[in-house]
Amino acid sequence: MTNYLDFEKPLAEIEGKAEELRAMARGNAEMDIEDEAKALDAKADVLLKELYAKLTPWRKCQIARHPDRPHCKDYIEALFAEYTPLAGDRKFADDDAVMGGLARFDDRPVVVIGHEKGHDTQSRLMRNFGMARPEGYRKAVRLMEMADKFRLPVITLVDTPGAYPGKGAEERGQSEAIARATEKCLQIGVPLVSVVIGEGGSGGAVAFATANRLAMLEHSVYSVISPEGCASILWKDAEKMREAAEALRLTAQDLLKLGVADQIIPEPMGGAHRGRDKTIRSVGTALRAMLKELDGVKPKKLIAQRRQKFLDIGAHGLAA
Amino acid sequence: MNWITNYVRPRINSIFSRREIPENLWVKCDECGTMLFHREMSDNLNVCSNCGHHMVITPRERFHGLFDGGIFSEVDVPEPVADPLHFRDQKKYPDRLKGAQKATGQKEAMLVATGEIGRTPVVAAAQDFGFMAGSMGMYVGNAIIAAAQKAIELKRPLILFSAAGGARMQEGILSLMQMPRTTVAVQMLKEAGLPYIVVLTHPTTGGVTASYAMLGDIQIAEPGALICFAGPRVIEQTIREKLPEGFQRAEYLLEHGMLDRVTDRRKMREELVSIVRMLMHLPPPVAGDLPAPGPTDTAPATPEQPEADKTA
């Protein structure tokens, strides 16, 4: 564990001390530090539980953006077989911020689409930090059309700070591309299930998350605007992101109450980045369950259900 | 001399004259600075008669100029849950809403109406940029759904005038959910085989552009309108370079294939009538102005037609 979040600093100190002790002991066979190190471990455990028991919305945002969190690529590699990436929008380019293609999920052929943020400088640049351009959304539309044609369920994994705000992206119709992707999500007669695995950033997320079923990881967020963006507009101060995160009700727990998310997938203690394999397995289980619920539902009904779900959203506010 | 002339008439006059004098008789054009007389402004649909700059127009003013004889009937919009998130920034959301209602005299950021334009029955919806930047919250979503349902019920086309700074942050995720919700409304219209025409006005941005405002069968914009997903300031901060002149303006989008037409507001009505009638398989429109179906327009007709011709 090398990447600590700012609120995890006290934890970093304790874990650092334990690590130091063990390193010293490795150099000196006569030293007996194990008891002391174990005590530190126990202390760290308690602290971790305390920290994660009362996470503020802003801390959840930080965890949702944690660089060590499993990303789309990790899920695809672990949960899917025969993943065959399919590239390009047939209009202009391919977009590496969006992964997508054919794959088998439990032997069943599916189409999987998701935002990929990258895990190091090089891959982050290649993936444009998970910020899709119009080509990414148009690729997704193409893949959803193919899934519809061949009756394959669609699985989407959402993890984006938002659609890319660039000159070329605007010139090539970023808004139209997002609108068409959302429209396509609502049109396909196959099951569409989605998981927010990290950050659900605004319109860039809606374009994939307009699904029959939406699950969210315990510490994922989904919001109309980033807390920083909201703070700079409404508080005229980007540093007020904590207040903004609070006000926006962007946590998985609030979204479940609001009827936007259908279920929450628990994360291991200390977040997905402290138990990557376990998190990935839990997401697999959730996907399996969501697909099973939709098995055998007729195309027309799938479309009607999906539409009705969105027409009904928001009818009760937080009191839902 | 009797009590009618001494008492009643002055009272009536005072009531009417109070109404008739706007706060500001002269309006300065945002673009060229020309001082425009209010009557001239409203007859010209808030387009500067000197430079042709299109200034903000409220949905009511727009409908007044759009529908035959200025007659339209409002469509009821189902009331959403008030302040669903109990949102509070420096101000409470309900206070901001009340402030906007007081400042505009309107209930919310969208007006939906039915009526006839050039004797063609339509449903129209217009977004009010003056009301919390026209932002799309649950009310606006409900308004678009109500507009689509009304259009389907009456088998009429829907004409939507968009203007918004984006989604209404104070409704958080529920404002974002208006993107799929309004998309469902557009799909219902399309399945009913009815035309959905979007007129993009200044400015149309964010989640509004990325949903119903870009899904029209025909996309028309007013000249100079800013139409974008991410605003120019955000882009400049991201790419750290100056954007070209006219970037994200209606004409720029037209050039990049994102719009069907850019049309002057003063010609919009005529054009909409023509398009809608063709799409609805109706006979050609009757040329020239039709007489108003009833006595409604309280403002006396002023012969300012030549003014419009000068600038056209």
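In this text, all values refer to a predicted model and were calculated from it rather than measured experimentally.

**Examining helix α5 (residues 138-154) of chain B**
Piece 1. Over its 17 residues, α5 of chain B extends 24 Å from the first C-alpha to the last, a length consistent with the 24 Å expected when each residue adds 1.5 Å.
Piece 2. For α5 of chain B, the buried fraction is high: 12 of the 17 residues fall into the buried class.
Piece 3. Burial in α5 of chain B covers these residues: Met138, Tyr139, Val140, Gly141, Asn142, Ala143, Ile144, Ile145, Ala146, Ala147, Ala148 and Ala151 of chain B.
Piece 4. Close packing links the buried residues of α5 of chain B with α14 (299-312) of chain A together with β4 (110-117), β5 (120-127), β6 (158-164), α6 (172-176) and α7 (178-191) of chain B.
Piece 5. One or two positions beyond α5 of chain B, positive phi appears at Lys155 of chain B, with a value near 55°.

**Re the domain arrangement of chain B**
Residues and elements named next belong to chain B.
Piece 1. Domain parsing of chain B yields domain 1 (23-55) and domain 2 (56-280).
Piece 2. Centre-to-centre separation of domain 1 and domain 2, based on C-alpha positions: 23 Å.
Piece 3. The partner domain 2 presents nine residues to the eight residues of domain 1 that form the contact.
Piece 4. The largest contributions to the domain 1 side of the interface with domain 2 come from Leu45, His54 and Met55, which together make up 67% of the buried area.
Piece 5. Scanning the region where domain 1 abuts domain 2 turns up zero salt bridges.
Piece 6. Linking domain 1 to domain 2 there are five residue pairs in polar contact (both at pLDDT 80 or more).
Piece 7. Within the side of domain 1 that touches domain 2, the residues separate by chemical class into four nonpolar, four polar and no charged.

**Topic: the sheet that holds strand β8 (residues 218-221) of chain B**
Residue and element names in this part refer to chain B.
Piece 1. If you trace the seven strands from one edge of the open sheet to the other, you get β3-β4-β5-β6-β7-β8-β9, paired in mixed fashion. Of all the strands in the sheet, the pair left with one neighbour each is β3 (72-74) and β9 (261-262).
Piece 2. Summarising the sheet, strand β7 (residues 196-204) and β8 pair through four bridges and their orientation is parallel. Across the sheet, residue Val199 finds its bridge partner in β8, namely Ile220.

**Things to note about the UniProt feature "binding site: Zn(2+)" (unreviewed entry) in chain B**
All names here are of chain B.
Piece 1. Taking the UniProt record as the reference, the feature "binding site: Zn(2+)" (unreviewed entry) is found at Cys29, Cys32, Cys48 and Cys51. Across 23 residues in sequence, these annotated residues keep their C-alpha atoms within 8.6 Å of one another, forming a single compact spot.
Piece 2. Within the fold, Cys29 resides in the loop between β1 (26-28) and β2 (35-37).
Piece 3. A relative accessible area of 3% means that Cys29 is categorised as buried.
Piece 4. Here Cys29 is in contact with Thr34, Leu36, Cys48, Cys51, His53 and Met55, once residues within four sequence places are set aside.
Piece 5. Considering the arrangement of structural elements, one finds Cys51 in the loop between α2 (38-43) and α3 (59-66).
Piece 6. With near-sequence residues (within four places) excluded, Cys51 lies in contact with Cys29, Glu31 and Cys32.

**Examining the state of the cysteines**
All names here are of chain B.
Piece 1. For the structure shown, the criterion picks out zero disulfides over all chains.
Piece 2. In this structure Cys32 is a free cysteine whose sulfur lies 3.6 Å from that of Cys51, the closest cysteine sulfur available.
Piece 3. Its relative accessible area of 34% is what places Cys32 among the partly exposed residues.

**Here we look at the interface of chain A and chain B**
Frequently, the measure chosen for interface size is the accessible area that the parts lose on association.
Piece 1. Counting from both sides, the interface comprises 46 residues of chain A and, opposite them, 48 residues of chain B.
Piece 2. Approximately 4000 Å² of surface area, both sides summed, lies buried where chain A meets chain B, with 72% of it carried by carbon and sulfur atoms.
Piece 3. Inspection of the chain A/chain B interface yields two salt bridges.
Piece 4. Measuring nitrogen to oxygen at the nearest pair gives 2.5 Å for the salt bridge that ties Arg307 of chain A to Glu191 of chain B.
Piece 5. Elements with a minimum of two residues in the side of chain A that touches chain B: α7 (167-171), α8 (174-187), α9 (202-209), β7 (221-223), α10 (227-235), α11 (241-248) and α14 of chain A.
Piece 6. At 10 residues, α8 of chain A tops the list of elements feeding residues into the side of chain A that touches chain B.

**Examining the UniProt feature "zinc finger region: C4-type" (unreviewed entry) in chain B**
Piece 1. Listed under "zinc finger region: C4-type" (unreviewed entry) in the UniProt record, and renumbered for this structure, are residues 29-51 of chain B.
Piece 2. Structurally, residues 29-51 of chain B comprises 26% helix and 13% strand, and the distance from its first C-alpha atom to its last is 9 Å.

About the thresholds
Residues numbered from 1 in each chain as written. Chains lettered and ligands numbered in written order. Predicted model: local features only at pLDDT ≥ 70, side-chain atom pairs only at ≥ 80, totals over all residues. Heavy atoms only, no water. Helix = DSSP H or I, 4+ residues; strand = E, 2+ residues; numbered from the N terminus. Expected span 1.5 Å × (residues − 1). Buried < 20%, exposed > 50% of the residue type's maximum accessible area, 1.4 Å probe, protein only. Contact = heavy atoms within 4.5 Å. Domains from an automatic or database assignment. Buried area = accessible area lost by both parts, 1.4 Å probe. Salt bridge = Lys/Arg side-chain N within 4 Å of Asp/Glu carboxyl O. Polar contact = N/O pair within 3.5 Å; in protein donor to acceptor, adjacent residues only side chain to side chain. Nonpolar A, V, L, I, M, F, W, Y, C, P; charged D, E, K, R; others polar. Pairing = 2+ DSSP bridges. UniProt positions renumbered as here; feature names shortened; annotations may be inferred. Disulfide = S-S within 2.5 Å.

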